[in-house]
Amino acid sequence: MDTQPSLDEWRRLYEAAIAFKEARPWEWMTEAHLFGVRNPETKEIGYGSIMGMRGEHFALAVYLGSEGLDGFWRMETLQEPDPAFLLEIPLLQASFEDRRELRRQDLQVIKSLGLKFRGRKAWPLFRSYVPGYFPWFLTAEEARFLTLALQQALEVALRVREDPALLDPLQEGLYLVRTPERRGEALAWKDEWMRPTPPEARPSPPPIEEAELAAMRAQLPRRPIGLEVDLFIMPVYVRDKDDPRPYFPYILLTVESKSGFVLGSELLAPKPSLDAVWAKAPERFVDALRRLGVIPAKIFVARERVWRLLEPVATALGIRLVQARSLPALERARAFLEQGMT
């Protein structure tokens, strides 16, 4: 069960954040100077990235586990920044914002601690990112780990300032990881060079019943049309009554490539986890084809993950699946949808 941090846990977290900010490690560290910190409670490694060298966003992001690390490097390869991509990466973040960015709960904690901050980019803000969910307030365990991560990030950064080659691995793929050892009530930290384990592959969606696909092949006429299909996160959040943490719904959008008509828009919730979206997508696409009442000649997709989701269905129905650089008709429909939601 998630619990809120105690006042003492908040105090230690703010003290660590204040010391981190006063050192201004972003003046000599870049986001790509990654290092690990092992959580003494869960044994999971968080990979720290210090942001702020460009003078825009001052923060420590802690990418959680191999999934978080893989997400960081995939985000780095994007040709254009995609804020929505960040919402699919598990991480904790301590950032320094203007006061208006804080919510009532943040200000209440600051007041309870008797702290005062003034000026732009001066107010500590702590958030937890769970894939598919709205950035949210920390649990007690998250607050304890983020405190340690800030302390170790400062330790590493000060050492890098003295030795710029500190984080250079002797072998490609190794990361310096700060590892704790308990000595009585205290923790002693040491350096270890470690190779991350590969992130777990997402489970394959359950296969569509062969009898169902065979019936569609027999009953639905084939038409020489092309469909553009994509699966993406929507820029609005939803809150269920039984869960205080909002989530971002995904939409499986199907558009006829020539006319631009929207033929299907299936909403999918990342609950209980983001895996639920990938598991439901093929079945929802089959439902869209059934409602359309025809089997198209081609399906155009741009993302590799959408290709993997639809490939078994396309093969079973004899549809040519095409990897495209862009989906112009779908992007126009997406822009229209998102404009109506913002």
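Residues numbered from 1 in each chain as written. Predicted model: local features only at pLDDT ≥ 70, side-chain atom pairs only at ≥ 80, totals over all residues. Heavy atoms only, no water.

Topic: the overall build of the protein chain
At step 1: The helix and strand tally for the protein chain stands at 9 helices and 12 strands.
At step 2: Based on the C-alpha atoms only, the size of the protein chain along its principal axes is roughly 70 × 45 × 40 Å.
At step 3: The proportion of buried residues among the 342 residues of the protein chain is 47%. (Helix = DSSP H or I, 4+ residues; strand = E, 2+ residues; numbered from the N terminus. Buried < 20%, exposed > 50% of the residue type's maximum accessible area, 1.4 Å probe, protein only.)

Some points on the packing of helix α7 (residues 275–292) against helix α8 (residues 304–317)
At step 1: For the pair α7 and α8, the least separation of the axes is 10 Å and the interaxial angle reads 45 degrees. One way to sum up the angle between α7 and α8 is to call them oblique. Between α7 and α8 lies a crossing of right-handed hand. Contacts between α7 and α8 pair Trp-278, Ala-281, Pro-282, Phe-285, Val-286 and Leu-289 from the former with Arg-305, Leu-309, Leu-310, Val-313 and Leu-317 from the latter.
At step 2: Its residues assigned to classes, the contact of α7 with α8 shows 10 nonpolar, no polar and 1 charged. (Axes fitted to C-alpha atoms, helices over the stretch in contact; angles between N-to-C directions. Parallel < 35°, antiparallel > 145°, perpendicular 65-115°, else oblique. Left-handed = near helix turned anticlockwise from the far one by under 90°. Contact = heavy atoms within 4.5 Å. Nonpolar A, V, L, I, M, F, W, Y, C, P; charged D, E, K, R; others polar.)

Description of the pattern of salt bridges
At step 1: Applying the stated rule across the entire model yields 24 salt bridges.
At step 2: The partner of Glu-210 in a salt bridge is Arg-217, and the shortest N-O contact between them spans 3.2 Å.
At step 3: One network of salt bridges, with partners in common, ties together Asp-98, Arg-100, Glu-101 and Arg-120. (Salt bridge = Lys/Arg side-chain N within 4 Å of Asp/Glu carboxyl O.)

A closer look at the sheet that holds strand β12 (residues 320–323)
At step 1: If you trace the 5 strands from one edge of the open sheet to the other, you get β10-β9-β8-β11-β12, paired in mixed fashion. A strand with exactly one partner marks an edge of an open sheet, and here the two such strands are β10 (262–268) and β12. Each neighbouring strand pair of the sheet contributes to a mean axis angle of 20 degrees, computed without reference to strand direction.
At step 2: Alignment of strand β11 (residues 295–301) against β12, held across 4 bridges, turns out to be parallel. Looking at β12, one finds that Phe-300 is bridged to Val-322. (Pairing = 2+ DSSP bridges.)

Examining the nonpolar core
At step 1: Val-229, Leu-231, Tyr-250, Phe-285 and Ile-299 are the most contacted members of the largest nonpolar core, which has 47 residues in total.
At step 2: In this structure Leu-231 touches Tyr-250, Ile-251, Leu-252, Leu-268, Val-277, Trp-278, Ala-281, Arg-303, Arg-305, Val-306 and Leu-309, once residues within four positions along its chain are discounted.
At step 3: By size, the runner-up hydrophobic cluster in this structure holds 43 residues, among which are Ala-17, Ala-94, Leu-125 and Phe-145. (Core = buried A, V, L, I, M, F, W, Y, C linked by side-chain atoms within 4.5 Å.)

With respect to empty space enclosed by the protein
At step 1: Throughout the structure, instances matching the rule amount to 1 cavity of 30 Å³ or more.
At step 2: If you go around the largest cavity, the residues you meet are Trp-10, Tyr-14, Asp-106, Val-109, Phe-126, Arg-127, Phe-137 and Leu-138.
At step 3: Every element with two or more residues in the lining of the largest cavity is listed here: α1 (7–23), α4 (104–113) and β5 (123–129).
At step 4: Looking at the lining of the largest cavity, its residues break down into 6 nonpolar, no polar and 2 charged. (1 Å grid on protein atoms, 1.4 Å probe; cavity = no way out; pocket = protein on both sides within 12 Å on 5 of 7 lines; lining within 4 Å. Points joined across faces, edges and corners; volume = space filled by probe spheres on them.)

Quick word on the sheet that holds strand β4 (residues 91–97)
At step 1: Taken in spatial order, the 7 strands line up as β5-β4-β3-β2-β1-β6-β7 in an open sheet, and their pairing is mixed. Edge positions in the sheet fall to β5 and β7 (186–194), since each has one partner strand and no second. Across this sheet, the average inter-strand angle for adjacent strands is 25 degrees, counted without regard to direction.
At step 2: Relative to β4, strand β3 (residues 58–64) runs antiparallel, the two sharing 6 bridges. Paired with Ala-59 across the bridge in β4 is Ser-95.
At step 3: On the sheet, α1 packs against β2 (45–51), β3, β4 and β5 and is oriented at approximately 115 degrees with respect to β5.

Description of unusual backbone geometry
At step 1: Each neighbour pair has its own omega, and for Lys-271 with Pro-272 the value is 5 degrees, a cis peptide bond.
At step 2: Not every positive phi belongs to a glycine, and Lys-43 is a case in point at roughly 70 degrees.
At step 3: Here Lys-43 falls in the exposed class, since its relative accessible area comes to 52%.
At step 4: For Lys-121, which is not glycine, the phi torsion reads 55 degrees and is therefore positive.
At step 5: Locating Lys-121 in the fold gives a position in the loop between α4 and β5.

A look at the packing of aromatic side chains
At step 1: What the rule picks out here adds up to 19 aromatic pairs.
At step 2: Ring geometry for Phe-134 against Trp-136: centres 6.5 Å apart, planes inclined by 75 degrees, an arrangement best described as edge-to-face.
At step 3: Relative accessible area serves as the criterion here: at 22%, Phe-134 is assigned to the partly exposed category.
At step 4: Owing to a relative accessible area of 14%, Trp-136 belongs among the buried residues under this scheme.
At step 5: Within the aromatic cluster, the residues linked to one another by ring pairs are Trp-10, Tyr-14, Phe-117, Trp-123 and Phe-126.
At step 6: The cationic tip of Arg-161 hangs over the ring face of Trp-28; the distance from NZ or CZ to the ring centre is 4.6 Å.
At step 7: The ring of Phe-232 is capped by Arg-334, whose NZ or CZ atom sits 3.9 Å from the centre of that ring. (Phe/Tyr/Trp six-rings, centres within 6.5 Å; stacked < 30°, edge-to-face > 60°. Lys NZ or Arg CZ within 6 Å of the ring centre and 35° of its normal.)

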